[in-house]
Amino acid sequence: MGALTIILIILGVIAFGLAVLFLESYRELHRFRVKEYALSLRDHPQGRILFLSDYHEAIHGKMNDRIIQKAAELKPDIILVGGDMVNGTAEGEDTSPAENLINGLAKIAPLYYAYGNHEQRMIAYANERGYDWDGYRGRMSSSVHFLVNESVSVSLPKGSIRLYGLSMGHVYYRRKGERLTVDVMKQLMGDADRKEPVVLLAHDPSWGPVYSSWGADLTLAGHFHGGIIRLPLIGGFISPKYQLFPHYDHGLYQEGENQMLVSSGLGQHTIPVRFNNLPELVLVSLG
């Protein structure tokens, strides 16, 4: 077998692999699944929580009707949104897919929305880059509750939880940015009110141990998009911070008695690829 033949075979294998990756990625980006978790918190509140994050205007809203229909079928008691529903990268961005999805979901159950880094970007550069943040928020239903470094007591069919929404600056999302600490969290949100089980919406799972030390019984996060490409036995390949094999990429993590649940998200942004990594709605059954 000549050298040219070997090179052609190698190139053919690479081309075939890329074609498989592209076709499977296209298939996955146009679908979603429901990932269910049965969890227990102190004082044992009972209820059904639907959690979604990292929508990023997924395929321009073409899955919205299916997502809303599935959410209604799941009969959640509350719906929690963990940020990055928009892209916040271009002047005049069409945010109607996110608006329509959120307003549709808010008709199903009380909906609470905490910001991710892309909402923070829209806010920070609204004047400089022409992002229509005020319009985006203004077009939301009055039944959408935004949690910006604040908390609310939420009643469930049995018991209640204290729900917080963490909103932190861009410096904490950068690969070599500032380190989030418990003291910084206290400056942003005060001490955790632990009279009820504390559920924290915190977009970036990188700071999981900090959230637990601050007082979160359960943290709901996203941001890493499941690692974009998931390798068998290894997990997520890369994060939006371009970190290889991120530790908190997807699933349930335990920090002592504290738990963190990381969603793979519903859309894709920085790297528009998914492989072995379906978009997802997360259903948490507390009991």
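Up top is the structure these notes are about.
Quick caveat, the model's predicted, so the values are computed rather than measured.

Further remarks concern the overall build of the protein. Each helix and strand counted, the protein has eight helices and 14 strands in total. Taken along the three principal axes of its C-alpha coordinates, the protein extends 75 × 45 × 40 Å. Across the 287 residues in the protein, those meeting the buried criterion constitute 52%. For the protein, long-range pairs separated by at least 24 residues make up 71% of all intrachain contacts whose partners lie at least 6 apart in sequence. Carbon and sulfur atoms provide 54% of the accessible area of the protein, an area that totals close to 13,200 Å². Mean positive and mean negative side-chain charge positions of the protein (27 and 30 charges, respectively) differ by 4 Å.

Backbone geometry at H44 places phi at a positive 55°, although glycine is not the residue there. At H223, a residue that is not glycine, the phi angle is positive and equals roughly 70°. One can find H223 in the loop between strand 9 (218–221) and strand 10 (230–231). Overall, the relative accessible area of 5% leaves H223 in the buried class.

Under the defined criterion, the tally for this structure stands at eight aromatic pairs. Plain terms: the ring middles of Y113 and Y115 are 6.2 Å apart, the flat faces sit at 85° to each other, and that makes the pair edge-to-face. Here Y115 and W133 contribute two aromatic rings whose centre-to-centre distance is 5.2 Å and whose plane-to-plane angle is 90°, an arrangement assigned as edge-to-face. With Y115 in the loop between strand 4 (111–113) and helix 4 (117–124) and W133 in helix 6 (residues 133–138), this pair connects stretches of sequence that are 18 residues apart. The exposure class of Y115 is buried, given its relative accessible area of 4%. One aromatic cluster in this structure is built from Y113, Y115, W133, Y136 and F146.

If you trace the backbone, D54 turns up in the loop between strand 2 (47–52) and helix 2 (64–74). For the buried residue D54, which engages in no salt bridge, the nearest side chain bearing the opposite charge is R274, 7.2 Å off. Only 2.8 Å separates the side chain of D54 from the backbone nitrogen of H223, close enough to count as a polar contact. The contact partners of D54, leaving out residues within four places of it in the chain, are G83, D84, H203, G222, H223, H225, G265, L266 and G267.

Within the structure shown, the criterion is met by 11 salt bridges. The shortest N-O distance in the salt bridge between E280 and R33 comes to 3.0 Å. Placement of the pair is E280 in strand 14 (residues 280–286) and R33 in strand 1 (residues 33–39), with a sequence separation of 247 residues. Residue classification places E280 among the buried positions, given a relative accessible area of 0%. Residue R33 is classed as partly exposed on the basis of its relative accessible area of 31%. What emerges from the salt-bridge pattern is a single network uniting R42, D43, R194 and D217.

A word on the nonpolar core. In terms of nonpolar packing, the biggest core is built from 34 residues, with L52, M85, L111, Y113 and Y136 touching the most fellow members. Those elements giving two or more residues to this core turn out to be strand 2, helix 2, strand 3 (78–81), helix 3 (96–105), strand 4, helix 6, strand 5 (144–146) and strand 14. Here this core takes four residues from helix 3, the largest share from any one element. Core analysis: the next-biggest nonpolar cluster, separate from the first, contains 23 residues, L180, M189, A192 and A202 among them.

A few words now on the pairing of strand 6 (residues 150–155). Here strand 6 pairs with strand 7 (residues 160–165) via six bridges, running antiparallel. Bridge pairing in strand 7 places V152 opposite L163. Count of turn residues in the strand 6/strand 7 antiparallel hairpin: four residues, of which G159 carries a positive phi of about 80°.

Glancing now at the sheet that holds strand 4. Here we have six strands laid out as an open sheet, ordered 1-14-2-3-4-5, and mixed in their pairing. Each edge of the open sheet is held by one strand with a lone partner, namely strand 1 and strand 5. Here the strands of the sheet are splayed against their neighbours by 25° on average, with no regard to which way each runs. Here strand 2 pairs with strand 3 via four bridges, running parallel. Each residue of the ladder has a partner; that of F51, found in strand 3, is L80. Docked against the sheet, helix 3 engages strand 2, strand 3, strand 4 and strand 5, running at close to 140° with respect to strand 4.

Calculation rules
- Residues numbered from 1 in each chain as written.
- Predicted model: local features only at pLDDT ≥ 70, side-chain atom pairs only at ≥ 80, totals over all residues.
- Heavy atoms only, no water.
- Helix = DSSP H or I, 4+ residues; strand = E, 2+ residues; numbered from the N terminus.
- Buried < 20%, exposed > 50% of the residue type's maximum accessible area, 1.4 Å probe, protein only.
- Contact = heavy atoms within 4.5 Å.
- Areas by Shrake-Rupley, 256 points an atom, 1.4 Å probe, with all protein chains shown as cover.
- Lys, Arg positive; Asp, Glu negative; His and termini not counted.
- Charge placed at Lys NZ, Arg CZ, Asp CG, Glu CD.
- Phe/Tyr/Trp six-rings, centres within 6.5 Å; stacked < 30°, edge-to-face > 60°.
- Salt bridge = Lys/Arg side-chain N within 4 Å of Asp/Glu carboxyl O.
- Polar contact = N/O pair within 3.5 Å; in protein donor to acceptor, adjacent residues only side chain to side chain.
- Core = buried A, V, L, I, M, F, W, Y, C linked by side-chain atoms within 4.5 Å.
- Pairing = 2+ DSSP bridges.
- Axes fitted to C-alpha atoms, helices over the stretch in contact; angles between N-to-C directions.

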